[in-house]
Each structure stands twice: as structure tokens, then as C-alpha cells.
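Coordinates in review
Each chain is listed here by its residues.
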Amino acid sequence: MSVEFLVISTIVAASPGPGVLVTLAAGLSHGRRAALVAAFGCTLGIVPHMLAAVTGLAALLHANAPAFEAVKYAGAAYLIYMAWATLRQDGGLRIEPHDALPNERAAIRSAIFVNLLNPKLSMFFFAFLPQFVAADAADQTLRMLALSATFMAVTFAVFAIYGVLAASVRAQVRARPGVLAWARGIFAAAFFGLGVKLFLAER
């Protein structure tokens, strides 16, 4: 495993995106356990993109305009829905009195959808991973799977750090309602902006 791959994977995972926002919101709202659950769910959302890259489906998605557009619009709509849900007083960003997650399965499903409905992630795997696999390698598929697993591990670790840091400031935010209202607006704007960016994205 090259150091270059690990560095690039860390940069990609740490870059602000839907997964980062979901994990931050979970940590801020429900605490450390919820943040780890969200990080796990976002990481699981990478699996279909990994399989698509390994099997060549990512190339098909890239070449098939209707399929790409359908996934893109679904993803954009979901992110915009997340923005609306975040703005609500009883929505996704609210500070609970205890470190509790009401429905872990629902939280995991929501986190999975965030990455699942992002066709640009498939494009990333399709264009990025092959650069670290020798064209004449006899075990290309195994190599791709190993690189994908490494990327997923890095993603989970980075998201977990984000979430735990957010959980660490819950008490301070809970003591200042104005800060929570400000944070809710920032998160909603970020989700909306990412949704619009995905909506306008080209293949």
C-alpha cells in the first residue's frame, strides 16, 4: 500500500461533503455513539460504488447518461431534503439531553443513502483506484478490493474523528440556544449547497 494512496484517501475523506455533515450532525445532536453509527453508515454507503468500480459498472454508469442523471437527481433531491429536515426544530439537528440514538437502524440507513445516491463517488472509484493497480497485474480485482477496503477504513476513521469532536462540544452548544440555531442554518445551507452542486454536476 503506497503512502501516496493513503495521503490522497485521507484528503478525499476529510474534504467537506455530505458524509462529513451527517457525522458532524449526529455527534452534535446525539453524542459520540451516534457519531460512530453515522460514520459506519456513511462508510457502508461506499460499498456499492466500490463494487461498481471493481465490476466495471461505474464505467457503464459514466457512459449511460440517463442512468447517471437518475442517480444524480435522486441524490440531489435527498440532500435538499436533508437541508429542509435540518432546519426544522424537531429535525436532524437538535441537542438531546443524553448520548442516545433513538433508532440506530434508521440512522444507518440515512447515512448509507447519503453516499449511495452520489454518482460522483462511483466516478471517483472508477478514475482513482485503477491508477494504483498495475495494468499487467495478475490479481487486479484483489488489488482493487484491497485499495477499496483501505479507502473505506480511512473514511470511517476520519468521519469518526469529526463526529467525536462534534460530540465533545455538545454541552457548550446546548447551553447556548443561539449557537444551535446558527449551526442549524449552517448545516442546512451546506446540505442545500451540496445538493445544488450535485444537481448541476456533469459526467
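The rules behind each value
- Every chain is numbered independently, its residues counted from 1 as its sequence is written.
- For a predicted model such as this one, the threshold for reporting local features is a pLDDT of at least 70, and the threshold for listing and counting side-chain atom pairs is 80 or more; totals across whole chains, interfaces and linings nevertheless cover every residue.
- No hydrogens and no water enter the side-chain calculation; it runs on all heavy atoms of the structure.
- By definition, any uninterrupted DSSP run of H or I lasting at least four residues is a helix, any uninterrupted run of E lasting at least two residues is a strand, and each is numbered from the N terminus.
- Each residue is placed in one exposure class: buried if its accessible area under a 1.4 Å probe, protein chains only, is under 20% of its type's maximum, exposed if it is over 50%, and partly exposed if it falls in between.
- Only heavy atoms enter the contact rule, under which two residues are in contact if any of them lie within 4.5 Å.
- pLDDT runs from 0 to 100 and stands for how confident the predictor is about each residue.
- A helix is expected to reach a length of 1.5 Å times the quantity of its residues less one.
- Simply put, an axis is a line fit to the C-alpha atoms, just over the touching stretch for a helix, and the angle between two N-to-C directions goes from 0 to 180 degrees.
- In what follows, roughly perpendicular refers to angles from 65 to 115 degrees, roughly parallel to angles under 35, roughly antiparallel to angles over 145, and oblique to any angle outside these ranges.
- When the near helix sits turned anticlockwise from the far one by under a right angle, the crossing is termed left-handed; a clockwise turn instead gives a right-handed crossing.

1. Overview of the overall build of the protein
Scanning the protein from terminus to terminus reveals 11 helices and 0 strands. In the protein, the succession of helices and strands from N to C terminus is α-α-α-α-α-α-α-α-α-α-α. Burial status across the protein gives 43% buried among its 203 residues. A separation threshold of at least 6 residues defines the contact pool for the protein, and within that pool the share at least 24 residues apart is 86%.

2. Overview of the environment of Ser15
With respect to the secondary-structure elements, Ser15 resides in the loop between helix H1 (3–14) and helix H2 (18–30). Separated by 143 residues in sequence, Ser15 and Val158 place their C-alpha atoms 9.8 Å apart.

3. Concerning the confidence of the model for the protein
In this model, the protein carries a mean pLDDT of 76, and residues with pLDDT of at least 70 account for 75%. Across the protein, the element-wise mean pLDDT spans from 57 in helix H5 (residues 57–63) up to 90 in helix H3 (residues 32–44).

4. A few points about H2
Across its 13 residues, H2 extends 18 Å between first and last C-alpha, which sits within 8% of the 18 Å expected from 1.5 Å per residue. Across the 13 residues of H2, 12 count as buried, placing the element largely inside the fold. Three or more residues of H2 are buried, namely Pro18, Gly19, Val20, Leu21, Val22, Thr23, Ala25, Ala26, Gly27, Leu28, Ser29 and His30. Where H2 ends, the next residue or the one after it, Gly31, has phi of about 110°, a positive value.

5. Let's talk about the packing of H3 against helix H7 (residues 104–116)
Where H3 meets H7, the closest approach of the two axes is 7 Å, and the angle between their N-to-C directions is 40°. In terms of orientation, H3 lies oblique with respect to H7. The chirality of how H3 crosses H7 is right-handed. For the pair H3 and H7, the contacting residues are Arg33, Val37, Ala38, Phe40, Gly41, Cys42 and Leu44 in the first and Glu104, Ala107, Ile108, Ala111, Ile112 and Asn115 in the second.

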